[in-house]
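Okay, here's what each chain looks like letter by letter:
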Amino acid sequence: MSSALKEQLPKLSKIASTQSISDVIKHLCEEFPGKVIFSTSFSYEDQAIAHEILSNKLPVKIFTLDTGRLFPETYSVWSRTNEFYETNIQAYYPQHPAVEEYVTVKGPNAFYASVENRKECCHIRKVEPLQRALKGNAVWITGLRAEHSPERKGLELFEWDETNNIIKYNPLLHWNTEETIAFIHKFNIPYNPLHDKGFVSIGCAPCTRAIRAGEDFRAGRWWWEDNSKKECGLHAKQ
Ligand code: SF4
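Figured I'd write up the structure that's included with this text. Keep in mind that this is a model prediction, so the values were computed, not measured.

## Overview of the site of the ligand
- In the region of the ligand, the neighbouring residues are Phe-111, Arg-118, Cys-121, Cys-122, Arg-125, Lys-126, Cys-204, Cys-207 and Trp-222.
- Among the detected pockets, the ligand sits in the second largest cavity.
- Taken together, the residues of the shell around the ligand sort by class into 6 nonpolar, no polar and 3 charged.

This is the structure in structure tokens:
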């Protein structure tokens, strides 16, 4: 199955170079019926993609990872998105025995104490639920943009994700911040109000802060850590 999927990459990349995002997603849904999935964190990028999917009624499964530590504003935009598009975004939660043991043994804010603790928390609350959500699917649509980090500049529109055995489609890879925000406003798409307060990449509340002028996009995530260690494992290569 994996090698058959991998072989599709050149063909899909060619299609993506000439077709609109919604046409590419439509093609993916026809090629892999019931096996196209989109993960949203309700960022600007993810809201733009959700709009393409939901306003065109494309049969893509949409899910979010509720870590249990999200901002109230994120729950609010999640709720407004459900209402706006008359949909029900699927929620994935961590396995409660793992969270209970971690928090009991290490404490509720143990992620500040070491990179190991932080990665363990991210694994329990994000990576394991993500793997469960992706399992059995063929294509994972993401909101990654090249502008977000030097590592993401090397990505392609279509990639092979070895860890999750899935094709990854990054439709907004080459969009810049201005055009992403303009798209949100053009269609009156609900968005997270934290973006207006300097938050760029919005994850869990204890691990995300607003960034200052001139700071890197990822500076607001796990700001107490060394830059080279700042990924949560959702996007293994990036
Ligand atoms: Fe835990 Fe912070 Fe990772 Fe969220 S971002 S899963 S709170 S360490």
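## A word on the layout of surface pockets
- The space that makes up the second largest pocket amounts to roughly 160 Å³.
- Along the walls of the second largest pocket sit 13 residues, with Tyr-44, Thr-177, Phe-199, Val-200 and Phe-217 positioned nearest its centre.
- Residue assignment for the lining of the second largest pocket shows that the elements contributing at least two residues are α4 (44-55) and α8 (177-186).
- No other element matches the 3 residues that α8 contributes to the lining of the second largest pocket.
- Residue composition of the lining of the second largest pocket, by class: 6 nonpolar, 4 polar and 3 charged.

## Concerning the pairing of strand β6 (residues 166-169)
- The two faces of β6 match: Ile-166 and Lys-168 on one face and Ile-167 and Tyr-169 on the other face are all buried.
- The pairing of strand β4 (residues 139-141) with β6 spans 3 bridges and is classified as parallel. Note that in β6 the partner of Trp-140 across the bridge is Lys-168.
- Note that strand β5 (residues 158-161) and β6 share 4 bridges and pair antiparallel. Opposite Phe-158, over in β6, you have Tyr-169 as the bridge partner.

Cut-off values and rules
Residues numbered from 1 in each chain as written. Predicted model: local features only at pLDDT ≥ 70, side-chain atom pairs only at ≥ 80, totals over all residues. Heavy atoms only, no water. Near = heavy atom within 4 Å. 1 Å grid on protein atoms, 1.4 Å probe; cavity = no way out; pocket = protein on both sides within 12 Å on 5 of 7 lines; lining within 4 Å. Sits in = over half its atoms within 2 Å of the grid points. Nonpolar A, V, L, I, M, F, W, Y, C, P; charged D, E, K, R; others polar. Points joined across faces, edges and corners; volume = space filled by probe spheres on them. Helix = DSSP H or I, 4+ residues; strand = E, 2+ residues; numbered from the N terminus. Buried < 20%, exposed > 50% of the residue type's maximum accessible area, 1.4 Å probe, protein only. Pairing = 2+ DSSP bridges.

Purely spatial values, then, with no claim about function.
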